[in-house]
Amino acid sequence: MSVTVELPGALQAHASGSALVVIERRCASVAEALDALAEQWPGVLDRVMTEQGDLRPHVNVFVDEQNSRFIGGLDAPVPDGSTILILPAVSGG
Amino acid sequence: MARKGVGSAGDVVVLVGTQKGAFIVSSDGERKKWRIDGPHFPGESVYALALDDRGGRHRIFAGTRSFHWGSVLRESDDFGKTWTSPERQNVKFPADSGLSLVQIWQVTPGRASEPEKLYCGVEPAALFESDDAGETWAPVAGLLNHEHRAKWMPGGGGLCLHTIVLDPKNRDRMLVAISTGGVYRTDDGGRNWQPRNSGVRAEFQPNKHPEFGQCVHKVVHNPANPGRLFLQNHWGLYRSDDWGDSWTDIANGVPSDFGFAMQMHPHDRDTVYIVPLESDVFRCVPEAKMRVYRTRNAGAAWEPLTKGLPQKDAWETVLRDGLTADSMKPAGIYFGTRSGKLFGSVDDGESWKEIADGLPSIACVKAAVVGGGEAR
């Protein structure tokens, strides 16, 4: 059982340069997967989540190409073998 | 843009924070030729910059905000050649506060007698302190848990604590300003905070003189005369001679008492600089004339300073931290505009020159003399 997390370039420096992080365990939800990611790379999670545990407003997390915001948010299910993709939203100034 | 030996003792450094990064502008003590180095952190907004010259350090602090990935406080000990990139968010609210950091608005080195102490003001409005020269930060609980917090309201820039004024001799006393909350002062080292807004008006409230809730834009003082404070309000220009216990209107002869920026002269305790803006709707300099106003008698009268500044079609805005001074004699006065222009005067404001144009929109400008104390 595993989940693969794909990181954008801006966050790879906080994961020792890795673009892919494989989590070798069952993660039932996006929240569980992000918690598992934080165990390995806490600096990544600081940039994805606020200190209140909310997804930052201009960051999107996709589960197998579906935006988690539309399939349950942090409670969105993560099937075994999924790829979770973290991307900056199409926004900026 | 060359970087040649920035950081020698006596160099003048002007730190410029913009919506898209920071620039380090520097000169030797003559202040005739300026080097512009940057952008640092391209794409990130920088609302807080400071040079901490205490304790044998020459450390620049930069509060940077990524639109996507949040805000951190970075440091450079080599005048911007290298910067720290904190692994963890180093200024953060406790989980039980219910608050999340939006942006760092101010970094203020502590008193000369406590060289490891620093403060920073943030959005949402809170004060953080460090006792280890910026390695770790913690919120000041007395203000974080203040009973007024629920009634503070964000202004156009957000609910920010943007001004920190220290009593240089009394470690228990300091003053902060919040938009929109007003001025608060502690006399017991941060445990308790009292609103100090008597006489300061709130045009946007039914009660124009509430105990708190004013939109104070900036407060300054001269450390040699710390109890005398000057305040630029969201409509209103004030002076206090009793550490903020009471405020007196000093908008004598200015084209508008609306504005953001205010800067104390580094040596003359009665001289203050402001940049009036037309209104809280238009927020550009009146009549499209770029004028800095100066009082040399603590607000009894103000005079426009225009030599070298554009006096036609100057649709300019200077934000609350966009006006600064170095500690030279005569003083260097500098300001940056939202249109990305940086102006400087090396004769107390008598005449001005454009140092840079075409920078991203400028949010803050801080100047310092290397080896001469903190950036103002």
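That block above? That's the structure.
Residues numbered from 1 in each chain as written. Chains lettered and ligands numbered in written order. Predicted model: local features only at pLDDT ≥ 70, side-chain atom pairs only at ≥ 80, totals over all residues.

**Student:** Describe the overall build of chain A, listing the residues and the values that go with them.
**Tutor:** Helices and strands together make up the secondary structure of chain A, namely 3 helices and 5 strands. For chain A, the α and β elements follow one another from N to C terminus as β-α-β-α-α-β-β-β. Against the globule reference of 12 Å for 93 residues, chain A gives a C-alpha radius of gyration of 12 Å, in line with a compact fold. With the principal axes as the frame, chain A shows a C-alpha extent of 40 × 30 × 25 Å. Taking as baseline every contact in chain A between residues at least 6 positions apart, the subset at least 24 positions apart corresponds to 53%. (Helix = DSSP H or I, 4+ residues; strand = E, 2+ residues; numbered from the N terminus. Rg over C-alpha atoms; globule rule 2.2 N^0.38 Å. Contact = placed C-beta atoms within 7 Å.)

**Student:** Tell me about the overall build of chain B, and name the residues and values.
**Tutor:** A tally of regular secondary structure across chain B gives 1 helix and 27 strands. Against the globule reference of 21 Å for 376 residues, chain B gives a C-alpha radius of gyration of 19 Å, in line with a compact fold. Referenced to the eigenvectors of the C-alpha coordinate spread, the extents of chain B come out at roughly 50 × 50 × 40 Å. Taking the contacts inside chain B whose residues are at least 6 apart along the sequence as the reference set, 50% of them involve residues at least 24 apart.

**Student:** Got a sec to walk through the interface of chain A and chain B? Specific residues and values, please.
**Tutor:** Every contact between the two is made by 18 residues of chain A and, on the other side, 15 residues of chain B. Ranked by the residues each element gives to the side of chain A that touches chain B, the list is headed by helix α3 (residues 42-48) of chain A, at 4 residues. Here the side of chain A that touches chain B is built from residues that sort into 6 nonpolar, 8 polar and 4 charged. (Nonpolar A, V, L, I, M, F, W, Y, C, P; charged D, E, K, R; others polar.)

**Student:** Go over the sheet that holds strand β7 (residues 103-109) of chain B with me, naming the residues and quoting the values.
**Tutor:** All names here are of chain B. Ordered by their spatial adjacency, 4 strands build an open sheet running β7-β8-β9-β10, and the pairing between neighbours is antiparallel. The sheet is open, and its two borders are formed by β7 and β10 (138-139), each paired with just one other strand. Bridge count for β7 against strand β8 (residues 118-123) is 6 bridges, and the pairing is antiparallel. Its bridge partner lying in β8, threonine 108 is registered against tyrosine 119. (Pairing = 2+ DSSP bridges.)

**Student:** Before we move on, could you go through helix α2 (residues 30-40) of chain A and cite the residues and values that matter?
**Tutor:** Residues and elements named next belong to chain A. Among the residues of α2, those classed as buried are Val30, Ala33, Leu34 and Leu37. Down the axis of α2, the buried side of the element spans an arc of 95 degrees, and every buried residue falls inside it. The inward-facing, buried residues of α2 abut β1 (3-6), β2 (20-23), α3, β3 (59-63) and β5 (83-88). (Buried ≥ 20, exposed ≤ 12 C-beta atoms within 10 Å, placed from the backbone. Arc of directions from axis to C-beta.)

**Student:** Residue-level account of the pairing of β5(A), with values.
**Tutor:** Side chains on a regular strand alternate between the two faces of the sheet. All names here are of chain A. As defined by bridge partners, β1 adjoins β5 across 3 bridges and the pair is classed as parallel. Directly across from threonine 4, in β5, lies its bridge partner threonine 83. Sheet topology note: the β3/β5 ladder contains 5 bridges and is antiparallel. Looking at β5, one finds that asparagine 60 is bridged to leucine 87.

**Student:** Talk me through the environment of B:Glu114; I want residue IDs and the actual numbers.
**Tutor:** Residues and elements named next belong to chain B. Inspection of the secondary structure assignment puts glutamate 114 in the loop between β7 and β8. Take glutamate 114: there are 14 C-beta atoms within 10 Å of it, and that puts it in the partly exposed class. The spacing of glutamate 114 and valine 370 is 256 residues in sequence and 19 Å in space, taken between C-alpha atoms.

**Student:** Please provide a residue-by-residue account of the environment of B:His217, values included.
**Tutor:** Residues and elements named next belong to chain B. Inspection of the secondary structure puts histidine 217 in strand β15 (residues 216-221). Histidine 217 sits in the buried class, given 26 other C-beta atoms within 10 Å. In the structure, histidine 217 is positioned 54 residues away from threonine 163 in sequence and 8.2 Å away in space, judged by C-alpha atoms. If we skip the residues at most four places from it in the chain, histidine 217 touches Ser179, Gln232, Asn233, His234, Gly259, Phe260 and Arg320.

**Student:** An account of the pairing of strand β24 (residues 333-336) of chain B is requested, with residue identities and associated values reported.
**Tutor:** Across the two faces of β24(B) the burial is the same, with B:Ile333 and B:Phe335 and B:Tyr334 and B:Gly336 all buried. Connecting the antiparallel pair β24(B) and strand β25 (residues 342-345) of chain B is a turn made up of 5 residues, with B:Gly340 showing a positive phi of about 90 degrees.

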